[in-house]
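# Structural overview
Below are the chains, spelled out letter by letter.
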Amino acid sequence: MTVSTEFDLHDLGWDASWEDAFEPYAARQLIPARVAVRHHGPCELWTERGSVGGVPAGKLTDEELPAVGDWVAARPLPGERKALIEDVLPRRSAFTRKEAWRRTVEQVVAANVDTVFLMSSLGPDLNTRRLERYLVGAWESGAQPAIVLTKADLEPDHVAAVLDVETIAFGVPIHVVSAVSGEGLGELEPYLRRGATIALLGSSGVGKSTLVNRLAGRDVLTVREVRADGRGRHTTTHRELVLLPDGGLLLDTPGMRELQLWAGEESLDGTFEDVAALTADCRFNDCAHESEPGCAIRAALAEGSLPAERWESYRKLQRELRSLEIRRSKRLQSEERRRWRRVNKSMRKRA
Ligand code: GDP
Ligand code: ZN
C-alpha cells in the first residue's frame with residue numbers, strides 16, 4: 001500500500017494558460033503533473049491521482065529533462081504508481097547553472113518560480129556582494145526577486161544593514177525576518193498566495209530550512225514511511241517542493257543552493273543600473289573606463305559617488321560572464337564543425 005494524497009492542481013499553480021498549453025497533450029490521453037522532487041532515479045510527480053514516480057521518455061535529450069517545478073505531460077503506466085514523462089511544458093521562468101566547471105551546458109535547476117527570496121543573514125555574515133550576484137541570477141530567470149534578511153533576533157539594530165542593502169536593491173523589496181521570534185514573517189504572506197511558487201536562494205546557514213519549516217508549520221525534513229512493492233521501509237526524504245497549509249509552494253532544492261552565475265551581460269545592467277547610467281555618460285561609446293578623457297565612471301569613482309568595491313564587483317562579474325560567453329561560443333563552433341563533417345560525409349556517400 002502506498003500512502004498518497006490526491007492534489008488539486010490549482011493548489012500546485014495550475015491555471016487557464018497551463019490548461020491551454022496542455023490541450024494537445026490532453027487529446028493524447030496524457031495527464032498534467034508537476035515535478036516535486038528530482039533525483040537521479042525517477043522523479044516525484046504530483047498529479048490529480050496523487051504522487052507518482054516519473055521516468056523521462058527515452059526521446060527526451062539531456063537538455064529537455066524536467067527540473068523541479070516543471071509542468072510535464074505524463075503517461076500513467078497501468079497498474080503502477082509510475083508515469084512516463086513525454087514532454088515538458090514551456091517554462092515561465094527558469095534558474096540555470098553550469099553543470100560543472102568547464103562544461104558550458106546549461107542545466108535548469110528550478111522552473112516556473114514566481115518569486116525568489118534572495119536570502120542573507122543579518123550581522124557579520126551579511127554579504128551585499130553575494131546578494132548582488134543573486135539579483136543578476138533572479139533577473140535572468142524571469143522570477144520576481146525579494147530580498148529576505150534573516151536572523152533579525154540576533155541583530156536588534158538592523159537599520160544600517162538595510163540601508164546598505166538598499167544601495168544595491170534598486171526598488172526590490174527588502175524584508176527583515178526572524179524565524180525564531182517570528183518578526184517580519186507576516187510581510188512574506190502576500191507572496192505565498194495559493195498556487196504561487198516561491199524559491200529560496202541563499203548560502204548554507206542563512207536559515208532556509210528553518211524558514212521552510214516555520215512557514216510550513218511543521219518539519220518537512222522528516223523521516224517518513226514509504227512502502228514500495230508491499231515491503232515496509234523508512235527513508236529520509238527532503239521535500240524540494242513544499243505545499244504550504246494556506247496555499248503557496250516553497251521550492252528549496254540543493255541545485256538552487258549552489259547556483260552559479262549564468263547570465264547574459266545585459267542582465268548585469270538590471271542589477272547595476274547606476275553603472276549602466278554612468279557608462280552612458282562617458283564621452284566615448286567604447287570607453288574602457290581606464291584613462292580616456294571624459295570618463296563618467298572614473299569621475300564618479302574619484303568623487304566617491306560610485307563606491308570602488310561596487311565597481312570592482314561589477315568588473316569581476318563582467319569578466320566571469322565574458323569567459324562563459326567565450327567558452328559557450330567555442331562549444332557552438334565545434335558543434336557546427338561536427339555537423340558539417342556529418343553532412344559532408346553523407347553527401348560523399350550519396351555521390
Ligand atoms: P540553511 O542552511 O540555509 O537551511 O540554514 P538552517 O535553516 O539550517 O539554519 C542554520 C542555523 O541558523 C541553524 O542553527 C538555525 O537554528 C539558525 N537559524 C535559522 N534561522 C534563524 C533565526 O531567525 N534566528 C536565529 N537566531 N537563528 C536562526
Ligand atoms: Zn568611461
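The structure presented is a predicted model; accordingly, all values stated were derived computationally and were not measured. (Residues numbered from 1 in each chain as written. Chains lettered and ligands numbered in written order. Predicted model: local features only at pLDDT ≥ 70, side-chain atom pairs only at ≥ 80, totals over all residues. Heavy atoms only, no water.)

## Things to note about the site of ligand 1
Note the cut-off: Distances are taken per atom, and a residue is near a molecule or strand as soon as one of its heavy atoms is within 4 Å of it. The definition of a polar contact used here is a pair of N or O atoms within 3.5 Å, where within protein one atom must be able to donate a hydrogen and the other to accept one, and adjacent residues in sequence count solely through side-chain atom pairs. Per-residue and other accessible areas were derived by the Shrake-Rupley procedure at a 1.4 Å probe size, with only the shown protein chains allowed to occlude residues. Here a strand is any run of E in DSSP of at least two residues, a helix any run of H or I of at least four, and the numbering for each starts at the N terminus.
Around ligand 1, the surrounding shell holds 15 residues, and the nearest of these are Asp153, Gly205, Lys208, Ser209 and Thr210. Glycine 205 places a main-chain nitrogen or oxygen 2.7 Å from an oxygen atom of ligand 1. The backbone of lysine 208 places a nitrogen or oxygen atom 2.8 Å from an oxygen atom of ligand 1. Against a free-state accessible area of 580 Å², the protein chains account for coverage of 70% of ligand 1. Considering every element that reaches the shell around ligand 1, the biggest residue donor is helix H4 (residues 208-216), with three residues.

## Regarding the coordination of the zinc ion (ligand 2)
Let me state the cut-off plainly: Each metal site is built from N, O and S donor atoms within 2.8 Å (3.2 Å for Na, K and Ca), and since water is not included, such sites may look incomplete. Any site counts as irregular unless it has four donors with all angles between 85 and 135 degrees, making it tetrahedral, or four or six donors with opposite ones more than 155 degrees apart and the rest between 65 and 115, making it square planar or octahedral. Throughout this description, buried means an accessible area under 20% of the type-specific maximum (1.4 Å probe, protein chains only), exposed means over 50%, and partly exposed covers the range between.
Within the first shell, the zinc ion (ligand 2) binds the protein through Cys282 (SG), Cys287 (SG), His289 (ND1) and Cys295 (SG), at distances of 2.1 to 2.4 Å. If you look at the zinc ion (ligand 2), its four donor atoms make angles of 101 to 117° with each other, and the shape they trace is tetrahedral. For the zinc ion (ligand 2), the donor residues sit on a single chain with the sequence spacing C-x4-C-x1-H-x5-C. You can see cysteine 282 sitting in the loop between helix H7 (273-281) and helix H8 (296-303) and its partner cysteine 295 sitting in the loop between H7 and H8, a full 13 residues away along the chain. A single burial state applies to cysteine 282 and to cysteine 295, both of which are buried.

## Topic: the side chain of threonine 197
Rule in force here: Whether two residues touch is decided by their heavy atoms; if any such pair falls within 4.5 Å, the residues are in contact.
Inspection of the secondary structure assignment puts threonine 197 in strand E11 (residues 197-201). According to the relative accessible area criterion, threonine 197 is buried, its value standing at 1%. A polar side-chain atom of threonine 197 sits 2.8 Å from a polar atom in the side chain of arginine 34. Once you skip the residues sitting within four places of it in the chain, threonine 197 turns out to touch Arg34, Asn112, Val113, Asp114, Thr115, Leu241, Leu249 and Leu251.

## Focus on the pairing of strand E5 (residues 82-88)
Filter applied, for reference: Whether two strands pair comes down to DSSP finding at least two bridges between them.
Here strand E3 (residues 50-56) runs beside E5; their pairing, made up of four bridges, is parallel. From the neighbouring strand, proline 56 faces E5, where its bridge partner is isoleucine 85. Bridge count between strand E4 (residues 71-76) and E5: five bridges; the pairing is antiparallel. Its bridge partner lying in E5, alanine 73 is registered against aspartate 87. Turn length for the E4-E5 hairpin, with the two strands adjacent in sequence and antiparallel, is five residues, and the turn residue glycine 79 shows positive phi of about 75°.

In short, geometric facts, not functional conclusions.
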